[in-house]
Amino acid sequence: MYKQLIDKLEKQHALSKDEYLTLIKNRDKCREYISERASFVRNKVYSNKVFIRGLIEISNYCKNDCYYCGIRRSNANVSRYRLSEDEIISCADEGYKLGFRTFVLQGGEDSHFTDEVLCRVISEIKSRHPDCAVTLSLGERSYESYKALREAGADRYLLRHETADCEHYAKLHPKEMDFFTRIRCIEDLKSLGYQAGVGFMVGSPYQTLENLADEMLFLIQTKPQMVGIGPFISHSDTPFKDKESGTAELTTFMLSLIRLTLPDVLLPATTALGTIDPMGREKGIMAGANVLMPNLSPVAVRKKYELYDNKICTGEEAAQCIECLKNRVKTTGCEITIDRGDYKYEI
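Residues numbered from 1 in each chain as written. Predicted model: local features only at pLDDT ≥ 70, side-chain atom pairs only at ≥ 80, totals over all residues. Heavy atoms only, no water.

When its secondary structure is counted, the protein shows 14 helices and 11 strands. Taking 2.2 N^0.38 as the reference for a compact globule, 347 residues should give roughly 20 Å; the C-alpha atoms of the protein span a radius of gyration of 19 Å, in line with that estimate. Structurally, the protein occupies a C-alpha span of about 55 × 45 × 40 Å along its principal axes. Relative to its full complement of 347 residues, the protein shows a buried share of 61%. Across the protein, contacts joining residues at least 24 apart in sequence account for 76% of those joining residues at least 6 apart. When the accessible surface of the protein is summed, it comes to about 14000 Å², and 50% of that surface belongs to carbon and sulfur atoms. Of the side-chain charges in the protein, 48 are positive and 50 negative, and the distance between the mean point of each set is 2 Å. (Helix = DSSP H or I, 4+ residues; strand = E, 2+ residues; numbered from the N terminus. Rg over C-alpha atoms; globule rule 2.2 N^0.38 Å. Buried < 20%, exposed > 50% of the residue type's maximum accessible area, 1.4 Å probe, protein only. Contact = heavy atoms within 4.5 Å. Areas by Shrake-Rupley, 256 points an atom, 1.4 Å probe, with all protein chains shown as cover. Lys, Arg positive; Asp, Glu negative; His and termini not counted. Charge placed at Lys NZ, Arg CZ, Asp CG, Glu CD.)

What follows is the structure, given as structure tokens:
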């Protein structure tokens, strides 16, 4: 029965909510088969290529107070920082020398980074490295802001929705944050021609397996070019400090479901997955993921961008150890490629 459902998903790229829920509830009985099919589909679209993105965490200031996040504005224990324009550009220059052709500028919602500042940074990176892509992950902004950043040269934007259920969203965020504003932002990004990414936490507080089935329907409706998921990991300085973290086991199963539902999607094996399981990113790749995001941020600030406890931030996940990462990826049967790695990559 489960094999037939997986075969149906591979063929039709969609199931009903009940069918998704059946697979999620019975994942132990079909994990090996779905992982095999997800890897096959990923290789069919992207060969066995794994794309690398140089992650630059530009600021850990944030106006928001999300209950799960270590850099929430109410956390007085955070050692705050923001990179200067020159520091960001220097990180990109260093990344280019290391072989990166995509840079991801990620940060909290920091009012310092106005459109004017970001447009200067984006334009300078694109001017110095015209063969590179720039991805932004800087939260909710206005349509006009997204438009200005796009015109400055930004290629992609990742805005995780965290949950597709508005009632669940309200349990994860303070009242001033609105689910429908988040959805409006995602729609704006798509309308402006970004390669747009969404994403959700797996195993977040109050999440049900029904919620996860709904996530799949949301992805079918939204049709994003990128999906970033990772296990919820608690942070000791948040209201969710005592909540149970998610698992690599459920996260990797969801990666396989996503790959079969959206065969062309750019799908990271995230740092959170590598944090909760030392082999998490390898397991993610074997489950159908095809993106890794090593850290290019200055070494002095890597530990400060801590969204959750015990984030890995030195060693083989660092961009400077790209050869180590290449060797780890080879164990999965895939290989890292030096390329922009756009959606629907042409082999």
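Now that the structure has been shown, the text picks up again.
Right, let's get into the sheet that holds strand β1 (residues 49-52). The sheet built from three strands is open, its strands ordered β10-β1-β11 with parallel pairing. With one partner strand each, in any of the chains shown, β10 (291-292) and β11 (335-337) form the two edges of the open sheet. In this structure, β1 lies alongside β11, joined through three bridges in parallel fashion. Looking at β11, one finds that K49 is bridged to E335. Where helix α14 (residues 322-330) meets the sheet, it contacts β1, β10 and β11, and its direction lies at approximately 135 degrees from that of β11. (Pairing = 2+ DSSP bridges. Axes fitted to C-alpha atoms, helices over the stretch in contact; angles between N-to-C directions.)

One open sheet accounts for six strands, arranged β2-β3-β4-β5-β6-β8; its pairing is parallel. Two strands close off the open sheet at either side, each with one partner strand: β2 (54-59) and β8 (226-227).

This part covers the environment of F179. By the element assignment, F179 lies in helix α8 (residues 179-191). Its relative accessible area of 9% is what places F179 among the buried residues. Along the chain, F179 and N295 lie 116 residues apart, while their C-alpha atoms are 29 Å from each other. Not counting residues up to four positions away in its chain, the partners in contact with F179 are T163, A164, D165, C166 and Y169.

By the definition in use, this model includes 32 salt bridges. A salt bridge links R31 to D28; the nearest nitrogen and oxygen atoms lie 3.6 Å apart. Judged by relative accessible area, which is 65%, D28 ranks as exposed. Among the ionic pairs, D342 bridges to R156, the shortest N-O distance being 2.7 Å. In this pair, D342 sits in the segment after β11 while R156 sits in strand β5 (residues 156-158), placing the two residues 186 residues apart along the sequence. On the accessibility criterion, D342 (22% relative accessible area) is partly exposed. (Salt bridge = Lys/Arg side-chain N within 4 Å of Asp/Glu carboxyl O.)

An ideal rise of 1.5 Å per residue puts 20 Å on 14 residues; helix α9 (residues 209-222) measures up with 20 Å between its terminal C-alpha atoms. When we look at burial in α9, the residues that qualify are N211, L212, A213, E215, M216, F218, L219 and T222. Residues of α9 that are buried make contact with α2 (17-25), α7 (166-172), α8, β6 (195-198), β8 and α10 (248-261). At the exit of α9 stands K223, carrying a positive phi of roughly 55 degrees. (Expected span 1.5 Å × (residues − 1).)

A separate point is the packing of aromatic side chains. A complete count under the given rule lists eight aromatic pairs for this structure. A centroid spacing of 5.0 Å and a plane angle of 75 degrees characterise the contact between Y146 and Y157, whose relative ring orientation is edge-to-face. Here Y146 is found in helix α6 (residues 143-152), whereas its partner Y157 is found in strand β5, with 11 residues between them in sequence. The class for Y146 is buried, based on a relative accessible area of 0%. Since its relative accessible area comes to 0%, Y157 is described here as buried. On the basis of an interplanar angle of 70 degrees and a centroid distance of 5.6 Å, the ring pair of Y169 and F179 is categorised as edge-to-face. Of this pair, Y169 sits in helix α7 while F179 is found in helix α8, placing the two residues 10 residues apart along the sequence. One aromatic cluster is present, built from ring pairs that chain together Y67, Y206, F232 and F240. Directly above the aromatic system of Y96 lies the positively charged group of R101, at a separation of 3.6 Å from the ring centroid. (Phe/Tyr/Trp six-rings, centres within 6.5 Å; stacked < 30°, edge-to-face > 60°. Lys NZ or Arg CZ within 6 Å of the ring centre and 35° of its normal.)

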